[in-house]
Amino acid sequence: MSIDSKPVPKDISVIFVLGGPGVGKGTQCARMVKDYGFVHLSAGDLLRAEQNRKGSEFGELIKKYIAEGLIVPQEITIQLLKNAILEHYYTKETSKQSKKFLVDGFPRKMDQAITFEKEITPSKVVLFFDCSEDIMLTRLMERAKTSGREDDNIESIKKRFKTFVETSMPVVEYFEKMDKVVKIDCAKSVDEVYEEVKAALKNYE
Ligand code: C5P
Ligand code: MG
């Protein structure tokens, strides 16, 4: 039986990690993985990997959406996340580690939030990393020197900010109404932000 026809397991837990581009989600997730043994799944990384996979029928479409800072149709992203979860769950050793997932940069649009929680699992908590656009821009321009990402240029960045405000913030507000959001101030240093993250995770470990 191929992995993607296996059932979605009931004993997984998912934490969503949201926040604007360049806020530091990836950096904080790497620390959480090290200290807590989460599996880190970045929706953006999964999309870039699919874009570069030889023979992918979605490669061109993903490239276009990413360059425009637009949200890729949910079917694609949810399938990639689901496959990654199933692969970790069923093929890596079934220790506790492969059941706890940090889903980073997702959901970025309301339809993704609703479909994922209905078809995969409701999130336990939403970590929302927050800081000003000025700071995010500075961090992105610094990252652009080494990231090799085609969307780390000023035109794409402006579009990504616009999408974040118009399309992704409503998702944060939706989870806020459900009392699921822990907001973390990311204007501080990486270490200071991580202290807040650890405090937030105390309630969910
Ligand atoms: O999170 P990251 O900055 O790596 O995302 C890069 C791009 O991938 C986004 O600007 C968007 O075009 C796409 N993306 C998406 N849906 C997501 C996450 C990322 O369409 N949930
Ligand atoms: Mg990232």
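Residues numbered from 1 in each chain as written. Chains lettered and ligands numbered in written order. Predicted model: local features only at pLDDT ≥ 70, side-chain atom pairs only at ≥ 80, totals over all residues. Heavy atoms only, no water.

The name given to the protein chain in an unreviewed UniProt entry is Uridylate kinase, and the organism recorded there is Hanseniaspora osmophila. Among the UniProt annotations of the protein chain, the heading Sequence similarities (unreviewed entry) holds the following wording: "Belongs to the adenylate kinase family. UMP-CMP kinase subfamily." Check the Catalytic activity (unreviewed entry) section of the UniProt entry for the protein chain; it says "UMP + ATP = UDP + ADP". (UniProt positions renumbered as here; feature names shortened; annotations may be inferred.)

Draft legend 1. Representation of the nonpolar core within the structure. Counting 27 residues, the largest nonpolar core has F16, F101, F106 and F116 as its most contacted members. If you list the elements that add at least two residues to this core, you get β1 (13-19), β2 (39-42), α4 (74-91), β3 (100-104), α5 (110-119), β4 (125-130) and α7 (154-177). (Core = buried A, V, L, I, M, F, W, Y, C linked by side-chain atoms within 4.5 Å. Buried < 20%, exposed > 50% of the residue type's maximum accessible area, 1.4 Å probe, protein only. Helix = DSSP H or I, 4+ residues; strand = E, 2+ residues; numbered from the N terminus.)

Draft legend 2. Local environment of the sheet that holds β3. If you trace the 5 strands from one edge of the open sheet to the other, you get β2-β3-β1-β4-β5, paired in parallel fashion. Of all the strands in the sheet, the pair left with one neighbour each is β2 and β5 (181-185). Neighbour to neighbour, the strand axes of the sheet diverge by 20° on average, direction disregarded. As judged from the 5 bridges shared by β1 and β4, these two strands associate in the parallel manner. (Pairing = 2+ DSSP bridges. Axes fitted to C-alpha atoms, helices over the stretch in contact; angles between N-to-C directions.)

Draft legend 3. Representation of helix α8 (residues 190-202). Under the 1.5 Å per step criterion, the end-to-end length of α8 is 19 Å for 13 residues, consistent within 8% with the ideal 18 Å. Three or more residues of α8 are buried, namely V193, Y194, V197, A200 and L201. Buried residues of α8 fall within an arc of 115° about the axis and therefore sit on the same side. Structurally, α8 contributes buried residues whose contacts are with β1, α1 (25-36), β4 and β5. (Expected span 1.5 Å × (residues − 1). Arc of directions from axis to C-beta. Contact = heavy atoms within 4.5 Å.)

Draft legend 4. Region of interest: the UniProt feature "binding site: a ribonucleoside 5'-phosphate" (unreviewed entry) in the protein chain. As annotated in UniProt, the feature "binding site: a ribonucleoside 5'-phosphate" (unreviewed entry) corresponds to R48, L70, I71, V72, G105, F106, P107, R108, Q112, R149 and R160 in the numbering used here. With a sequence span of 113 residues, these residues are also far apart in the fold, their greatest C-alpha distance being 23.7 Å. Of the annotated set, the members that line the largest cavity are G105, P107 and R108. Position of R48 among the secondary structure elements: in helix α2 (residues 43-52). Once residues within four sequence positions are removed from consideration, R48 is found in contact with I66 and R149. (1 Å grid on protein atoms, 1.4 Å probe; cavity = no way out; pocket = protein on both sides within 12 Å on 5 of 7 lines; lining within 4 Å.)

Draft legend 5. A look at the UniProt feature "binding site: ATP" (unreviewed entry) in the protein chain. Within this structure's numbering, the places UniProt gives as "binding site: ATP" (unreviewed entry) are G22, V23, G24, K25, G26, T27, R143 and K188. Of the residues annotated just before, the largest cavity has K25 among its lining. The topology assignment puts G22 in the loop between β1 and α1. Once residues within four sequence positions are removed from consideration, G22 is found in contact with M136, R139 and L140. Inspection of the secondary structure puts K188 in the loop between β5 and α8. In this structure, K188 is in contact with R139, V193 and E196, ignoring residues within four places of it in sequence.

Draft legend 6. Examining the packing of aromatic side chains more closely. Evaluated as defined, the whole model comprises 7 aromatic pairs. For the ring pair Y36 and F38, a centre distance of 5.9 Å and an interplane angle of 40° mean the geometry is tilted. A connected cluster of aromatic rings, assembled from ring pairs, spans F16, F106, F116, Y174 and F175. It is K6 that lies over the ring of Y90; its NZ or CZ is 4.8 Å from the centre. Its guanidinium or amino end placed over the ring of F38, K100 lies 4.8 Å from that ring's centre, counting from NZ or CZ. (Phe/Tyr/Trp six-rings, centres within 6.5 Å; stacked < 30°, edge-to-face > 60°. Lys NZ or Arg CZ within 6 Å of the ring centre and 35° of its normal.)

Draft legend 7. Local environment of the layout of surface pockets. The volume enclosed by the largest pocket comes to roughly 660 Å³. What lines the largest pocket is a set of 35 residues, and nearest its centre among them are G44, R48, R108, R149 and R160. Secondary-structure elements contributing two or more residues to the lining of the largest pocket are α1, β2, α2, α6 (133-147) and α7. By residue number, the principal contributor to the lining of the largest pocket is α2, which donates 5 residues. (Points joined across faces, edges and corners; volume = space filled by probe spheres on them.)

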